[in-house]
Amino acid sequence: MSRVVGRIGARGIAELLGTWNSGRATSTGLHQAVRRLVLDGRLPPGTRLPAEREFAEAIGVSRTLVVRALDLLREEGFAASRQGSGSWVRLPGDRANTDPGGWQPATPDLINLAQATLPAPPELTEALDRARCRFPEHLCGHGYQAFGLPELRERIAESHTRRGLPTSPQQILVTNGAQHGFALVLRALVSPGERVLVEHPTYPNPLQAIRGVGADAVAVPMLAQGWDLDLMAATLQQAMPKLAYLIPDFQNPTGIRMTAQDRERLVAVLRRTRTTAVVDETLIDLDLTGGTPPPPVAAFGEDRVITIGSAGKSFWGGLRLGWVRASEDLVQRLLLDRAAVDLGSPVLEQLLLAELLADPEPVLRRRRAHVAELREALIAELAEQLPTWTFRVPDGGLALWCDLGVPVSSRLAVAAEQHGLRLVPGSRFAVRGTMERYLRLPYTLPVEQQREAVRRLALAAAGFDGAPDPCPWDMAIS
Ligand SMILES: Cc1ncc(COP(=O)(O)O)c(C=O)c1O
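Residues take numbers from 1 onward in each chain, read along the sequence in its written order. The predicted origin of the model limits local features to residues at a pLDDT of at least 70 and limits the giving and counting of side-chain atom pairs to 80 or more, whereas totals for whole chains, interfaces and linings rest on all residues. Calculation of side-chain values draws on the structure's entire complement of heavy atoms; hydrogens and water are dropped beforehand.

An unreviewed UniProt entry lists the protein chain under the name HTH gntR-type domain-containing protein, with Saccharopolyspora gloriosae given as the organism. Taken from UniProt, the Sequence similarities (unreviewed entry) comment for the protein chain reads in full: "In the C-terminal section; belongs to the class-I pyridoxal-phosphate-dependent aminotransferase family." UniProt positions are given in the numbering used here, feature names are shortened, and annotations may be inferred rather than shown by experiment.

Structure, rendered in structure tokens:
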């Protein structure tokens, strides 16, 4: 049921593998490392692997070792090869992936729980009409707004100021999403070989961006109630990372929000260890508690905090707009670096977001009420169909972080595909393939579809409930 998704280059796979051979490089070590990448979703089934010689050179081993590792992967059904077409990864038992030639579209009845994203609110269409009316004013200009459209920068700055963090438009750089903003900050501040502290578990895409600049992620475990700031302080002192990447508002995937007191302590720790934190506020508008929000982390010490935000969860991911809020100097520097990557964000989308931000509260109120209903519906379905799974009801955000009780998340994701349900295993949220006991379940689908998704999930789970399945890949993921 998975599809052919493309290819990965030799450098790409070397980056993904990271330090796979702590000590001696062996074919079984490489085979296990690749298998883990397939199981935790970082190497999607259907990805064509680089040619053996290039692969071997990129990771500094002999071609024979790569050939043996591929043999082992093929024996277990994790890879397939064909003369002239090379090798590609697949999942055992997945017939759709025995042929790399065709693009296999997802079946129409596949339910996708891999992404925690909502459709656009109806108000977006009305805002688009207003933006379209204003669009012609811009057509006689060159259209390149590298910092962002001035009125959008103003609105984003105002929204920070309203939340207790006085901000000028010059402190805002409009980006193509929060992920783009983080990538720009990494490019500007982090060099290959340096470290970046992350929460564990964390949102996976920043991990990829960290690897992409040749840096190493240093993980600090999340506790059931939140952040262990003592451990974080000790890690910052010992590992001396160049940057920390944190999600204090409805942390993805745990949904926990950092208290005001911890925010103050966090900034004190950052100051003491001279560390800068990138605080990701992407989920900030999805507060489901109805309580008074704590001040933004940067309000406790903006000298140590770079804030990134996004329109993706508040309004719509398809806008592809986000921002970085930093000192004016850093914004200037990010802009210079940005020129190597892109030259600004589209004008019409920026006009549209400026319209939405002119009066965001009514839209956000409705969105929160809708999300709260979806959350309750998912909780009720799980209580009925998978009563042994546990989770902390999240304060906000878009997903439950479920404890399955046993380390089977990747296997469950594989089994669920056979039932027409796409999942992301817990290991995707881990720095190096752990978190197998957990599964992130978004509550972003319509209630009916959500119900069907849980039914399929329960069916998939029942396939190996209770009986430890002697799957050959068990050991790699526990
Ligand atoms: C915590 C977090 N940061 C960033 C992003 C990506 O944001 P954007 O779509 O604006 O790049 C997401 C999307 O799920 C997210 O959950």
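After that view, the rundown keeps rolling.
Below, the discussion takes up the packing of helix α7 (residues 150–162) against helix α13 (residues 347–358). Between α7 and α13, the least distance of the axes is 9 Å, while the angle of their chain directions is 35°. Of the two elements, α7 crosses α13, and the hand of that crossing is left-handed. Note on element contacts: α13 touches α7 through Gln350, Leu351, Leu353, Ala354, Glu355, Leu357 and Ala358, opposite Glu151, Leu152, Arg155 and Ile156. When residues are grouped by polarity, Ala, Val, Leu, Ile, Met, Phe, Trp, Tyr, Cys and Pro land in nonpolar, Asp, Glu, Lys and Arg in charged, and all others, Gly among them, in polar. For the contact of α7 with α13, the class distribution of residues is 7 nonpolar, 1 polar and 3 charged. The axes are straight lines fitted to the C-alpha atoms, using for helices just the contacting stretch, and the angles between their N-to-C directions are given from 0 to 180°. Secondary structure elements follow DSSP: runs of H or I no shorter than four residues count as helices, runs of E no shorter than two count as strands, and numbering proceeds from the N terminus. For any pair of crossing helices, the crossing counts as left-handed if the nearer helix is rotated counterclockwise from the farther one by less than a right angle, and right-handed if it is rotated clockwise. Contacts are assigned to residue pairs that have any heavy atoms within 4.5 Å of one another.

Bringing the packing of aromatic side chains into the picture now. Pairing of aromatic rings covers Phe, Tyr and the six-membered ring of Trp, with a centre-to-centre limit of 6.5 Å; geometry is then stacked below 30 degrees between planes, edge-to-face above 60, and tilted otherwise. Summed over all chains, the structure comprises 3 aromatic pairs. Plain terms: the ring middles of phenylalanine 182 and tyrosine 245 are 4.7 Å apart, the flat faces sit at 45° to each other, and that makes the pair tilted. Within this pair, whereas phenylalanine 182 is found in helix α8 (residues 178–189), its partner tyrosine 245 is found in strand β9 (residues 243–246), the two being separated by 63 residues in sequence. This pair shows no difference in class: phenylalanine 182 is buried, exactly as tyrosine 245 is. Between the aromatic rings of tryptophan 401 and phenylalanine 429, the centroid separation amounts to 5.5 Å while the plane-to-plane angle is 70°, which identifies the pairing as edge-to-face. Placement of the pair is tryptophan 401 in strand β13 (residues 399–403) and phenylalanine 429 in the loop between β14 (421–422) and β15 (438–442), with a sequence separation of 28 residues. Relative accessibility decides the category of a residue: with a 1.4 Å probe and only protein chains considered, values under 20% of the type maximum give buried, values over 50% give exposed, and everything between is partly exposed. Of the residues examined, tryptophan 401 reaches a relative accessible area of 11% and is grouped as buried. Phenylalanine 429 gets classed as buried once you look at its relative accessible area, which sits at 2%. Here the aromatic residues Trp401, Phe429 and Tyr438 are joined through ring pairs into a cluster of three or more.

Let us look at unusual backbone geometry. Across the junction of histidine 200 and proline 201, the peptide omega takes the value 10°, indicating a cis bond. Within the secondary structure, proline 201 is located in the loop between β7 (195–200) and α9 (204–212). With an omega of 20°, the peptide bond running from asparagine 252 to proline 253 counts as cis. In this structure, proline 253 sits in the loop between β9 and α11 (260–272). A positive phi angle is found at methionine 240, which is not glycine, with a value near 45°. Tracing the backbone shows methionine 240 in the loop between α10 (229–239) and β9. The exposure class assigned to methionine 240 is exposed, which follows from its relative accessible area of 64%.

It is worth spelling out the pairing of β7 at this point. In regular strands, side chains alternate between the two faces of the sheet. With 5 of 6 residues buried, β7 lies mostly within the body of the structure. Any two strands with at least two DSSP bridges between them are considered paired. Where β7 and strand β8 (residues 216–221) come together, 6 bridges link them in parallel fashion. Each bridged residue has a counterpart across the sheet, and for valine 196 the counterpart in β8 is alanine 217. Consider the strands pointing away from the viewer: the crossover is right-handed when the path from the first strand over the helix to the second runs clockwise. At this point the chain moves from β7, through α9, to the parallel β8, and the crossover so formed is right-handed. Bridge analysis of β7 against β9 gives 3 bridges, and the strand direction is parallel. Among the inter-strand pairings, valine 196 is bridged to a residue of β9, identified as leucine 243.

For phenylalanine 315, the position within the fold is in the loop between β11 (305–310) and β12 (322–325). Overall, the relative accessible area of 2% leaves phenylalanine 315 in the buried class. C-alpha separation for the pair phenylalanine 315 and proline 192, spaced 123 residues apart in sequence, amounts to 35 Å. Every residue in contact with phenylalanine 315, bar those within four places of it in the chain, is listed here: Pro119, Ala120, Pro121, Leu353, Leu356, Leu357, Pro360, Val363, Leu364 and Arg367.

The next subject is the confidence of the model for the protein chain. Within the protein chain, residue pLDDT values average 90, and 91% of them lie at 70 or more. Segment residues 96–105: pLDDT under 50, and 27 contacts once partners within four positions in sequence are set aside and those in other chains are kept. The pLDDT value tells you how sure the predictor is about a given residue, anywhere from 0 up to 100. Scored below 50 in pLDDT, residues 466–478 makes 20 contacts in the model with residues more than four places away or belonging to other chains.

It is worth spelling out the site of the ligand at this point. Note on definitions. A residue lies near a molecule or strand when any single heavy atom of the residue is within 4 Å of it. The immediate surroundings of the ligand are formed by 13 residues, with Ala178, Asn252, Asp280, Ser310 and Lys313 found nearest. Polar contact is defined as a pair of N or O atoms within 3.5 Å, subject to the rule that within protein one atom must be able to donate a hydrogen and the other to accept it, and that residues adjacent in sequence are counted only when both atoms are side-chain atoms. Asparagine 252 is positioned such that a nitrogen or oxygen atom in its side chain is 2.8 Å from an oxygen atom of the ligand. Within the side chain of aspartate 280, a nitrogen or oxygen atom sits 2.5 Å from a nitrogen atom of the ligand. Note on areas: Shrake-Rupley with a 1.4 Å probe; residue coverage comes only from the protein chains shown. Here the ligand, which alone exposes 400 Å², has 91% of that area covered by the protein. Looking at the shell around the ligand residue by residue, the class counts come to 5 nonpolar, 5 polar and 3 charged.

With that settled, consider the sheet that holds β7. In spatial order, the strands read β6-β12-β11-β10-β9-β7-β8; together these 7 strands make up an open sheet with mixed pairing. Strands with a single pairing partner mark the edges of an open sheet, and in this sheet they are β6 (172–175) and β8. Across the sheet, the mean angle from the axis of one strand to that of its neighbour is 20°, orientation sign disregarded.

Time to look at α13. Each residue after the first adds 1.5 Å to the expected span of a helix. End to end, α13 covers 17 Å across 12 residues, agreeing with the expected 16 Å (1.5 Å per residue, within 8%). For α13, a buried count of 9 out of 12 residues is recorded, marking the element as mostly surrounded by other parts of the structure. Taken residue by residue, α13 has Val347, Gln350, Leu351, Leu352, Leu353, Ala354, Glu355, Leu356 and Leu357 as its buried positions. Buried residues in α13 make contact with α5 (123–134), α6 (136–139), α7, β6 and β12.

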